[in-house]
Amino acid sequence: MAVWQFVINLIPASAARIAGVDAARMSRTQLDEVVLALPIAEANALFAKLDMLLPEKPRSYTGLRVWGDEPADDIQVSFDEQFIEEVQVRFDVADISLPLIGGVCDLARHFDCVFATPEGAIIQPSREAVIRTVLQSDAAHFVQDPQGFIEKAVRLDREDR
């Protein structure tokens, strides 16, 4: 992942509910316990939707398919014989694609999913919610002021020692 990319993973919407209430945040431990587990029978529908969003890269690994371009926008799908295990999306914040964000939101809604950031924020699959979160991200801060972002990171690193 590049510092200018914003990363989200699809997780089942049911996994982001605690006692029937939609969660706004989950701990890393809670997220690590979440399994996407879309039935492999859904793979063709998922892959067709992804084909409409980004071009697929040539396959180099069994169990992994990638759409888009790794240093820019891409979507990675991990799967085995039974389940789609993970769908990870990386947006290039320096050249944000509103159609891609909208398409990924449509995809999440189709499969009754929400998004989770690596930090644990839960994002509902709406263009507005995703864009708002992207604009508040470290990736956006880096794109807006790379030197200031790096200086702040160095300062925080020194404070942590």
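Residues numbered from 1 in each chain as written. Predicted model: local features only at pLDDT ≥ 70, side-chain atom pairs only at ≥ 80, totals over all residues. Heavy atoms only, no water.

Engineer: Can you walk me through the packing of helix 2 (residues 43-53) against helix 3 (residues 98-110) in this structure?
Structural biologist: The N-to-C vectors of helix 2 and helix 3 enclose an angle of 170°; their axes lie 10 Å apart at closest approach. Between helix 2 and helix 3, the interaxial angle falls into the category roughly antiparallel. Residues Leu46, Lys49, Leu50 and Leu53 of helix 2 lie in contact with helix 3, whose contacting residues are Pro99, Leu100, Gly103, Val104, Leu107 and His110. When the residues that make up the contact of helix 2 with helix 3 are grouped by side-chain class, the tally is 7 nonpolar, 2 polar and 1 charged. (Axes fitted to C-alpha atoms, helices over the stretch in contact; angles between N-to-C directions. Helix = DSSP H or I, 4+ residues; strand = E, 2+ residues; numbered from the N terminus. Parallel < 35°, antiparallel > 145°, perpendicular 65-115°, else oblique. Contact = heavy atoms within 4.5 Å. Nonpolar A, V, L, I, M, F, W, Y, C, P; charged D, E, K, R; others polar.)

Engineer: Help me understand the pattern of salt bridges in this model?
Structural biologist: Oppositely charged side chains may form a pair once their charged atoms are brought near each other. According to the stated counting rule, one finds 8 salt bridges in the structure shown. Two residues, Arg17 and Asp22, come together in a salt bridge whose shortest N-O distance is 3.2 Å. Accessibility expressed as a relative area gives 39% for Arg17, which makes it partly exposed. Here Glu128 ties to Arg132 by a salt bridge, and the two come within 3.2 Å at their closest N and O atoms. Of this pair, Glu128 and Arg132 are both found in helix 4 (residues 127-135), 4 residues apart, which corresponds to roughly one turn of the helix. Exposure remark for Glu128: the relative accessible area of 59% places this residue in the exposed category. By relative accessible area, Arg132 is classed as partly exposed at 42%. Counted as one network, the salt bridges with shared partners bring together Glu56, Arg59 and Arg65. (Salt bridge = Lys/Arg side-chain N within 4 Å of Asp/Glu carboxyl O. Buried < 20%, exposed > 50% of the residue type's maximum accessible area, 1.4 Å probe, protein only.)

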